[in-house]
Amino acid sequence: LEIGANSAPELIVRATAGSGGLLAGAGLETLTEIDSSVKGLLGSVPTSNSDGSLWASESGKVVTLTGIKGATISANSSNSVNGYGDVFSGGAIGGSGSVDEHSIKAVTLASTGDNVTLVAGNLQINAAGFVGKVNSSDSETNIDATTGGVAAAAGGEASLTMELDTQAAIGNDNDITVNVIGWQGDNQSLGQLTVTSFNRFDIDYLANFSTGGALAGAGISLDVFTTGNYRALATLGSGSSAVSEGRTRFAANGGGEIDAKVNSEIYGIGTIGVYLTEVTVNPDNQVNIYGDLTSVRDVQLFAGLDENLYYDDYIIQAQLDSFAGSAIPIDALDAKAKLEADNQVIVHAGAHVLTSGSAFLWADKLGLGDMLAKAKSNSWIAAVAAGADMVKEESSSEGEGTVTIDGIVETGYNRARKIAFDLTLDSENEVLTNSNGDFVITTTQYVGKDDAGNWQEYTGDDQPFGYSYSTTAVETELFDDRQSAMASLAGALSDYAVTFYTDQIAQIEMELLD
């Protein structure tokens, strides 16, 4: 069973503006906005639904899958934007301005509904959110502004905001069973339960400004940032029970790359340049367990890390490169790149996590990223003087990782296994054999013990582990001793001898059976 919801909007805006004359000014705006909702759901039926859907209400929804592939529920939101603006102004007094703004808000949900009963060989629930703003080459500009005149000024404002609310979940009051199907066949299901959410971005931002005049100035800001609701969640809902015979994984992760850069050139007798490039990313990754989770194999609950202890991969660059060709250059530059991740794994009060294997609850506390913030200012005086630069930068990456257990996490659950092979006896207490002369064997499997330490017999259709056996006659010294004692018993002449050899034979047979 495959349920998938996918959305891939792409918005691209291009604009050109220009002016000339004694007094000249030109300005333009390139704006995009995406507000999307993408949901892939199994067993979610509105109570007001009147179109004859499969389930008439929010209760009693049952799905049973007998195939080895099981069920996959996915939701993917891929959001692409870009803007290209080219503005020119030339005159005795000239000015140009450019605004480029992009806003992306996306809610992405892959989930089972409430009150769902599901039996399957595998269950995967995956939600992914993405923001893309990719230029075709490193030299392609998003803002290109040029101004010339006796007095000239150029101004620009560029920004991109991201709000990705991405959730993968098992709903409330679910009863989920993920079995190994076809365990003795050539093809079998793995019996795995996987619930993952992931946010990613790939962003290029390049702005070029050029201003020339006796008096020239430029004021430019470029911002890329996430909002307070930028998050990836993986959740087991309240009142739900999920049982898996394979590995169980709940994971919330993110990653991405941002390259934001402003280039500016100002020429004149006196120049003033004020520049800001700032990139701030605050990912929030959470794994929340509200219900009961039981796994025959390992349980993995990851936030900001994967099973190999690899951190989420972030590359963030914020750069300014300014050249002031003037006798009196005044520059104020600030480049900032900041990553601050919050990773949480929470087993809430009343939740119970049981595993026959190991339990891994990992939350990245470092928030590492490949960070670069560089602000570089050159004047013609500095260029003549061996190219001395004024460099300012402020970059940081940090994280907070928290694992909170208000419920119960228990390992070793039903780890003990036992199999018994018993001979089948007839009414005269003799061992039965089949037509081939092999002993008839009865097997019983046991999984786990109760609170009193008693083995619990497994009565399911699919046995917990496979086995094979054969029977063959093996003569040992004890067998020879029994044959000798049997012969001596047959020739015994006294009651004492009969009793002695009878006891000997019984003792030898007990040792043979052991």
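It should be noted that the structure appears before, not after, this text.
If you're wondering where the values come from, they're calculated on a predicted model, not measured in any experiment. (Residues numbered from 1 in each chain as written. Predicted model: local features only at pLDDT ≥ 70, side-chain atom pairs only at ≥ 80, totals over all residues. Heavy atoms only, no water.)

Undergrad: Summarise the environment of Gly304; cite the residues concerned and give the values.
TA: The residue Gly304 is located in the loop between strand 18 (299-303) and strand 19 (314-325) in this model. Spatially, the C-alpha atoms of Gly304 and Asp342 are 8.4 Å apart, while their sequence positions differ by 38 residues. Dropping the residues within four chain positions of it, Gly304 is found in contact with Ala252, Asn253, Asn285, Tyr310, Tyr311, Asp312, Asn343 and Asp364. (Helix = DSSP H or I, 4+ residues; strand = E, 2+ residues; numbered from the N terminus. Contact = heavy atoms within 4.5 Å.)

Undergrad: Describe the side chain of His102, naming the residues involved and giving the relevant values.
TA: Examined against the element boundaries, His102 turns out to sit in strand 4 (residues 71-112). Polar side-chain contacts of His102 include one of 2.6 Å to the side chain of Thr32. Beyond its immediate chain neighbours, meaning those up to four positions away, His102 contacts Thr32, Val81, Asn82, Gly83, Lys133, Ser159, Leu160, Thr161 and Tyr205. (Polar contact = N/O pair within 3.5 Å; in protein donor to acceptor, adjacent residues only side chain to side chain.)

Undergrad: So, the environment of Asp481: which residues are in play, and what are the values?
TA: Looking at the element boundaries, Asp481 is found in helix 2 (residues 477-490). Considered as a pair, Asp481 and Ile508 are 27 residues apart in the sequence and their alpha carbons are 7.6 Å apart.

Undergrad: Explain helix 3 (residues 495-513) to me, using residue names and the numbers behind them.
TA: Over its 19 residues, helix 3 runs 27 Å from end to end, which matches the ideal 27 Å to within 8%, given 1.5 Å per residue. Every buried residue of helix 3 is listed here: Ala497, Ile505 and Ile508. All buried residues of helix 3 lie within an arc of 70° about the axis, which places them on one face of the element. Exposed and facing more than 90 degrees away from the buried side of helix 3 are Asp495, Tyr496, Met510 and Leu513. Contacts made by the buried residues of helix 3 are with helix 2. (Expected span 1.5 Å × (residues − 1). Buried < 20%, exposed > 50% of the residue type's maximum accessible area, 1.4 Å probe, protein only. Arc of directions from axis to C-beta.)

Undergrad: Which residues make up the pattern of salt bridges, and what are the values?
TA: All told, the structure shown has 4 salt bridges when counted by the stated rule. The salt bridge partner of Arg249 is Glu307, with a shortest N-O separation of 3.5 Å. Of this pair, Arg249 sits in strand 14 (residues 248-267) while Glu307 sits in the loop between strand 18 and strand 19, and the two are 58 residues apart along the sequence. Arg249 sits in the buried class, given a relative accessible area of 16%. Glu340 is paired through a salt bridge with Lys338; the nearest N and O atoms lie 3.6 Å apart. (Salt bridge = Lys/Arg side-chain N within 4 Å of Asp/Glu carboxyl O.)

Undergrad: I'd like a rundown of the packing of helix 2 against helix 3, residues and numbers included.
TA: Relative to each other, helix 2 and helix 3 sit at 160°, their axes nearing to 9 Å. One element, helix 2, and the other, helix 3, form an angle in the roughly antiparallel class. In the packing of helix 2 onto helix 3, the handedness of the crossing is left-handed. Here Leu478, Phe479, Asp481, Arg482, Ala485, Met486, Ser488 and Leu489 of helix 2 lie close against helix 3, whose contacting residues are Val498, Tyr501, Thr502, Ile505, Ile508, Glu509, Glu511 and Leu512. (Axes fitted to C-alpha atoms, helices over the stretch in contact; angles between N-to-C directions. Parallel < 35°, antiparallel > 145°, perpendicular 65-115°, else oblique. Left-handed = near helix turned anticlockwise from the far one by under 90°.)

Undergrad: For the packing of aromatic side chains, give the residues involved together with the corresponding values.
TA: By the definition in use, this model includes 5 aromatic pairs. Ring centres of Phe302 and Trp362 lie 5.0 Å apart, and the angle between their planes is 20°; on these two criteria the pair is classed as stacked. Residue Phe302 is found in strand 18, and its partner Trp362 is found in strand 22 (residues 359-363); the two are separated by 60 residues along the sequence. Here Phe302 falls in the buried class, since its relative accessible area comes to 1%. Arranged with centres 5.1 Å apart and planes meeting at 75°, the rings of Phe500 and Tyr501 form a pair that is edge-to-face. A relative accessible area of 38% means that Phe500 is categorised as partly exposed. Here the aromatic residues Phe302, Phe360 and Trp362 are joined through ring pairs into a cluster of three or more. Across from the ring centre of Tyr205, 3.8 Å away, lies the NZ or CZ of Lys133, which sits over that ring. (Phe/Tyr/Trp six-rings, centres within 6.5 Å; stacked < 30°, edge-to-face > 60°. Lys NZ or Arg CZ within 6 Å of the ring centre and 35° of its normal.)

Undergrad: Any details on the environment of Asn263? Residues and values, ideally.
TA: Relative to the assigned elements, Asn263 resides in strand 14. In this structure Asn263 comes out as partly exposed when scored by relative accessible area, which is 23%. Taking the C-alpha atoms as reference, Asn263 lies 4.8 Å from Asn208; in sequence the two are 55 residues apart. Look past the residues within four positions of Asn263 in its chain and what remains in contact with it is Leu206, Ala207, Asn208, Phe209 and Asp321.

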